[in-house]
Amino acid sequence: MISTIYRRSIVSRTNILRTRASSSTQRGLLHKSNPLRFSSSLPASHTTLEFNPSMFDTSLSCATCGQVHPGFPSPLFKCPGAASSPEMDHVLMPTALSTEDLSGLKDLAAASPSPSSSSPFVKYRALLYPYRVAMSNGMSDENYVKVVTDLDESINKLSGTGFVPTPMLEGSLGEEKVFVKDESNQVAGSHKARHLFNVMTYLQVLDALRPDSAVPMKATRRLTVASCGNAGLAAATIAAAADWPIDVCIPDNADPAVVQNLKNLGSNVNIMICPRGVDAVDHSDFGPVSTAGAADPTVAVFKNLIQEHNSIPLSVQGTECGVAVEGAQTLIFELLDQAKSSGYDSLDFDQLFIQVGGGALGAGLFQGLQRAANGELDAIVPGLKMPKVPNFNTVQAEGNAPLNRAFAKMKADGKSAVEAAKTKNDYMFPWVNPASVAHGILDDETYDWAELCRGMDTSKGSAVVVNDEQIREANAFAKSNFKVNSCFTGSVGLAGLMSTRRGGTSSSAPSIVVLSGVDRSFSTSAAKPVNTGVTWSRNGISYRQLESSFDPDVLFEFNKKHGSTPHNFIPDEPVKKHFSKLATGETTVWGAFSESDELVGFISGETGGGYWLETGDGSASTCFINEFVVSPEHRGKRIGVNLTSMSVDPKAGIFAVDENIKEMYTTVHVGNVTSRTAFVKGGYREVMTYADAMRERDTTVLKFSKNSAIFPRGNSQTMRVVGVQSGNAVDGIDVGIFDFDPLVRNPSDPRALAQSLNYTTVANKTFPFTPEERNYVLGLRAMRLEDGNEYAEGNYKFGDWCAQRVNDLLDETGVDRSSVALIGSHGQTVSGHPHWEFGDLSVIAQKTGITVAGDFRPADVAAGGNGTPCTCTYDSIMLRPKAGEKKWRGNINI
């Protein structure tokens, strides 16, 4: 559980304007003699329609036992008959629509103003079960669309992606044409979100249709999901958007990137790691939850949460959540729509290859193909009718192929899928030790196996098995040929197509493949950045991190208008590209707004961008400030300082947005005093100023380290400092790491210290000179070099040596360099009168990435001292007696 981020409630039952009859009429809704008029919320230009809501069948039917149950007013996901006949494979599905039902639903959807949303859950809503429930119980089409779009908008604000048509790509495999549906950029990075959005819409509709006095379901019942990773992330994203608590049951070997993204979603998402070999998994509210009841402990915990604690399954297993399967039908509807638009009017496909783990995706796709072939889709979207269902092929990895095993036995026994499902354990049982590079389909049982077997059997398809080498090959092919960043799991269907074509089979009609599941190891950062939701209000100006959906063109135009100065040239295309990455999370923007909500300034940073010195763990651990601008009309309100402060604030800044980031950098024209001052006052430190040949100017580099955000530096906090020097003995370079306690001031004189400075030695080491290095330094000291350029070279070279030794000690001790506030470098004395110490400070700063202080002796001379000894000030601090004491100690410099 982690701290809360931006969340909002999607449906307020009081603001959904439902078209309801009186209570007496409402009780009569089940009688055909009481038609309900759907006209009060429609614009006058639309035809008034009369329908009897009971004509829309909202029942749910079990595909195996045949029982029929109501799906309203309470949510129903699992067949109640499963308790009395556990030997069967029970899957509840929406009862098939009659032609009359379909026509009525189509007319209802067509009667409302055309929605602006491009979501498939709006376009194909008349084919989906939640719409039937809504229309049958008095909700207007317009308000149903609002339920869907509000949920979608909240998901977009939370994750940066809402439901829009995903790309359909056309390619070839040899001479055969292939249509590829790319789901890698879907909500939460996979097709799983389609299933679960349909379930959440169902729940939101039920809640909206309940009496206004009723307690919302999310206040009394938690959600739960069992997943190898992608389904859990999709469920958690949708649940967080709906502000609904959820328990995500995942294995202990889940993708670390997925786990981190789950943590980023906020405190309503409770992650339950379910390792094999344990009896129970602890829940923060319920206590221990048993792992008994299923071979897969994630599924066992998930089922026990439902049975023992009345949790709602927001899952993709059809046996536990039948409504979820239907959501994947939208993928087929969308693909056929796109194929038609691209000119492929016949919609005649030869084969479909789909990867299978739990099986919900394949089951939903087969059902969608059936509805497209029998004319249901054509009734809603004219022109989208397939001549036949293509051969339906499932693909599993050879290290986990329970579906292949079940289908082979079913065919050998001469049974249909419905017949086999009546004795489930004869056909579907856990696979022992599932293993594959495609870890997302390692479900040891294929939960929707019966529907998949029916699809393969009736379409003359097959169960294909591929090995890991074929999966890797297909994954590489997807990235190189289709430019799709899918993971191994998402490439298994393509591997099945490639393996069969390698065997010599081909077709004149195109095939269909779905690439799903983004390769998170291929991204810049494993953990997707989050919106902290923190806001500030200062001097009439409000500050916040901008949503990923914020219009990048607004930022560009504002920046162009107010940011173009002699000190700041703005190249159009790179800056536009920088702002476009706000949608992907690579760019983070903090904005300032007036009381009228007018943008008056912003600061933007990009992960891995720009100048990062190679001092940390790589570009993924660094964020670079690209743009920083304030409207001239609003200057004088410390907007710039507040923006720079917010960018590194522990709760609102970059380190809260992305925990991978360790350092924040920026560069400023040395003459831009206003910006430099704003960054310094915001907590940044100037690292160095260098001659910037590319931009023909002097550029100052500023930096803020993560530990600075956690442990603010200064006189009131412990300060970690590295000291480095080489003495007159010329025997080596001494490096020490020290933690200094806060300064204790004299209460009667705040400018004076009350006692000596205390410190702790973290580590120290002498790095001996090699004979060659020692002779080189002695040569400099003896002034035997005739060319002045060699002295300059010696200054840089010694700085490089010092930096190397500092880096070596930090590496040897494991001290995080971002915890170091300062390096104090004395250098190597070459001349004592006048004082001249070698070891260029800029080189040390450049090579270590740490602020450096030095030139102590020249500074002492400039202040009126002798330069030797220069330790007097330090000694007076270290040896100072406590306040009120008169005992002083002496120190002799030898």
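As the structure is a prediction and not an experimental result, all values here were calculated from the model. (Residues numbered from 1 in each chain as written. Predicted model: local features only at pLDDT ≥ 70, side-chain atom pairs only at ≥ 80, totals over all residues. Heavy atoms only, no water.)

(A) Representation of the overall build of the protein chain in the model. What the protein chain contains, in helices and strands, is 29 helices and 33 strands. Per-residue burial over the protein chain gives 56% buried out of 894 residues. Working note: accessible area of the protein chain is about 36900 Å², and carbon and sulfur atoms make up 51% of it. (Helix = DSSP H or I, 4+ residues; strand = E, 2+ residues; numbered from the N terminus. Buried < 20%, exposed > 50% of the residue type's maximum accessible area, 1.4 Å probe, protein only. Areas by Shrake-Rupley, 256 points an atom, 1.4 Å probe, with all protein chains shown as cover.)

(B) Spotlight on the packing of aromatic side chains. As enumerated under the stated definition, the model contains 24 aromatic pairs in all. Centre to centre, the rings of Phe 550 and Phe 593 are 6.4 Å apart; their planes meet at 65°, and the pair counts as edge-to-face. With Phe 550 in the loop between β19 (541-545) and α19 (552-563) and Phe 593 in strand β20 (residues 587-593), this pair connects stretches of sequence that are 43 residues apart. (Phe/Tyr/Trp six-rings, centres within 6.5 Å; stacked < 30°, edge-to-face > 60°.)

(C) Structural view of the sheet that holds strand β10 (residues 269-273). If you walk across this open sheet you meet the 4 strands as β10-β9-β8-β13, and the pairing is parallel. In the strand order of this sheet, the two ends are held by β10 and β13 (312-313), each with one partner. The pairing of strand β8 (residues 223-226) with strand β9 (residues 246-250) spans 4 bridges and is classified as parallel. Residue pairing in the sheet places Leu 223 in a bridge with Ile 246 of β9. Sheet contacts for helix α7 (residues 230-241): β8, β9 and β10; angle to β9, the most-contacted strand, approximately 170°. (Pairing = 2+ DSSP bridges. Contact = heavy atoms within 4.5 Å. Axes fitted to C-alpha atoms, helices over the stretch in contact; angles between N-to-C directions.)

(D) Seen up close, the environment of Asn 374. Positionally, Asn 374 belongs in the loop between α12 (360-373) and α13 (376-380). On the basis of relative accessibility, which here comes to 48%, the residue Asn 374 falls in the partly exposed class. Each C-alpha atom, one on Asn 374 and one on Pro 387, is 8.7 Å from the other, the two residues being 13 residues apart in sequence. From its side chain, Asn 374 meets the backbone nitrogen of Glu 376 in a polar contact 3.0 Å long. (Polar contact = N/O pair within 3.5 Å; in protein donor to acceptor, adjacent residues only side chain to side chain.)

(E) Up close: unusual backbone geometry. With an omega dihedral of 10°, the bond running from Phe 72 to Pro 73 counts as a cis peptide bond. Checked against the element boundaries, Pro 73 lands in the loop between β4 (68-70) and β5 (92-94). In this structure, Leu 347 is a non-glycine residue whose phi angle is positive, near 50°. Along the chain, Leu 347 falls in the loop between α11 (329-341) and β14 (351-355).

(F) Summary view of the sheet that holds strand β17 (residues 511-515). Pairing within the open sheet is mixed, and its 6 strands lie in the order β6-β7-β17-β14-β15-β16. Sheet topology places β6 (168-173) and β16 (463-466) at the edges, where each strand pairs with a single neighbour. Averaged over neighbouring strand pairs, the angle between their axes works out to 30° when direction is ignored. The sheet contact formed by strand β7 (residues 176-182) and β17 spans 5 bridges and is parallel. Looking at β17, one finds that Lys 181 is bridged to Val 514. The sheet strands contacting helix α14 (residues 402-413) are β15 (391-397) and β16, and the helix crosses β15 at an angle near 130°. With respect to the sheet, helix α17 (residues 468-481) is in contact with β6, β15, β16 and β17, its orientation differing from that of β16 by roughly 90°.

(G) Geometry of the side chain of Glu 773. Within the element layout of this structure, Glu 773 appears in helix α25 (residues 771-781). Discounting residues that sit within four places of it in the chain, Glu 773 has contacts with Pro 768, Trp 801 and Arg 805.

(H) Seen up close, the state of the cysteines. The final tally for this structure, using the stated rule, is 0 disulfides. The cysteine Cys 79 is free of any disulfide, with Cys 65 supplying the nearest cysteine sulfur at 3.7 Å. On the accessibility criterion, Cys 79 (2% relative accessible area) is buried. (Disulfide = S-S within 2.5 Å.)

(I) Summary view of helix α9 (residues 297-309). With 13 residues, α9 extends 17 Å from end C-alpha to end C-alpha; this agrees with the ideal 18 Å at 1.5 Å per step. For α9, the set of buried residues is Pro 297, Thr 298, Val 299, Ala 300, Val 301, Phe 302, Asn 304 and Leu 305. Looking one or two places after α9, you find Asn 310, whose phi comes out positive at around 60°. (Expected span 1.5 Å × (residues − 1).)

(J) Expanded view of the pairing of β14. Counting buried residues along β14, 5 of its 5 residues qualify, which places the element largely inside the surrounding structure. Alternating residues of β14 divide into Gln 351, Phe 353 and Gln 355 and Leu 352 and Ile 354, and every residue in both groups is buried. Note: β14 against β15, 5 bridges, orientation parallel. Bridge assignment links Gln 355 to a residue of β15, and that residue is Val 395. Pairing geometry for β14 and β17, over 3 bridges, is parallel.

(K) Spatial organisation of the pattern of salt bridges. Using the criterion set out here, one finds 29 salt bridges in the structure. When the shortest N-O distance is used, the salt bridge between Arg 194 and Glu 183 registers 2.9 Å. Of the two residues, Arg 194 is situated in helix α6 (residues 192-209) and Glu 183 in the loop between β7 and α6; the sequence distance between them amounts to 11 residues. Judged by its relative accessible area of 1%, Arg 194 is buried. Judged by its relative accessible area of 0%, Glu 183 is buried. One salt bridge in this structure joins Asp 350 and Arg 501, with 3.9 Å as the shortest N-O distance. Here the residue Asp 350 occupies a position in the loop between α11 and β14, and Arg 501 occupies one in helix α18 (residues 492-502), the gap between them amounting to 151 residues. This pair shows no difference in class: Asp 350 is buried, exactly as Arg 501 is. Among the charged side chains, a salt-bridge network with shared partners connects Lys 181, Glu 183, Arg 194 and Glu 334. (Salt bridge = Lys/Arg side-chain N within 4 Å of Asp/Glu carboxyl O.)

(L) Local environment of the pairing of strand β18 (residues 535-538). Judged from the 4 bridges that link them, β18 and β19 form a sheet pairing that is antiparallel. Each bridged residue has a counterpart across the sheet, and for Arg 538 the counterpart in β19 is Ile 541. In sequence, β18 turns back onto β19 through a hairpin of 2 residues, with Asn 539 there showing a positive phi of about 55°.

(M) The arrangement of helix α16 (residues 449-459) in detail. Extensive coverage of α16 is indicated by the burial of 8 of its 11 residues. Along α16, the residues that are buried comprise Trp 449, Ala 450, Glu 451, Leu 452, Cys 453, Gly 455, Met 456 and Ser 459. Lys 460, located one to two residues past α16, shows a positive phi value of around 60°.

(N) Up close: the environment of Leu 169. As for its placement among the helices and strands, Leu 169 is situated in strand β6. For Leu 169, a relative accessible area of 22% corresponds to the partly exposed category. C-alpha separation for the pair Leu 169 and Val 180, spaced 11 residues apart in sequence, amounts to 4.9 Å. Not counting residues up to four positions away in its chain, the partners in contact with Leu 169 are Val 178, Phe 179, Val 180, Asp 182, Phe 482 and Val 484.

(O) Quick peek at the packing of α11 against α12. In contact at an axis separation of 7 Å, α11 and α12 are set at 50° when each is read in the N-to-C sense. Taken together, the axes of α11 and α12 lie oblique to each other. Remark: the crossing between α11 and α12 carries right-handed chirality. Of the residues in α12, those in contact with Gln 329, Leu 331, Ile 332, Phe 333 and Leu 336 of α11 are Leu 361, Gly 364, Leu 365, Gln 367, Gly 368, Leu 369, Arg 371 and Ala 372. Residues belonging to the contact of α11 with α12 are distributed by class as follows: 8 nonpolar, 4 polar and 1 charged. (Parallel < 35°, antiparallel > 145°, perpendicular 65-115°, else oblique. Left-handed = near helix turned anticlockwise from the far one by under 90°. Nonpolar A, V, L, I, M, F, W, Y, C, P; charged D, E, K, R; others polar.)

(P) The arrangement of the confidence of the model for the protein chain in detail. Residues with a pLDDT of 70 or more make up 83% of the protein chain, whose mean pLDDT is 82. Between residues 709-716, whose pLDDT stays under 50, and residues either more than four places distant or in other chains, the model counts 17 contacts. (pLDDT = per-residue confidence, 0-100.)

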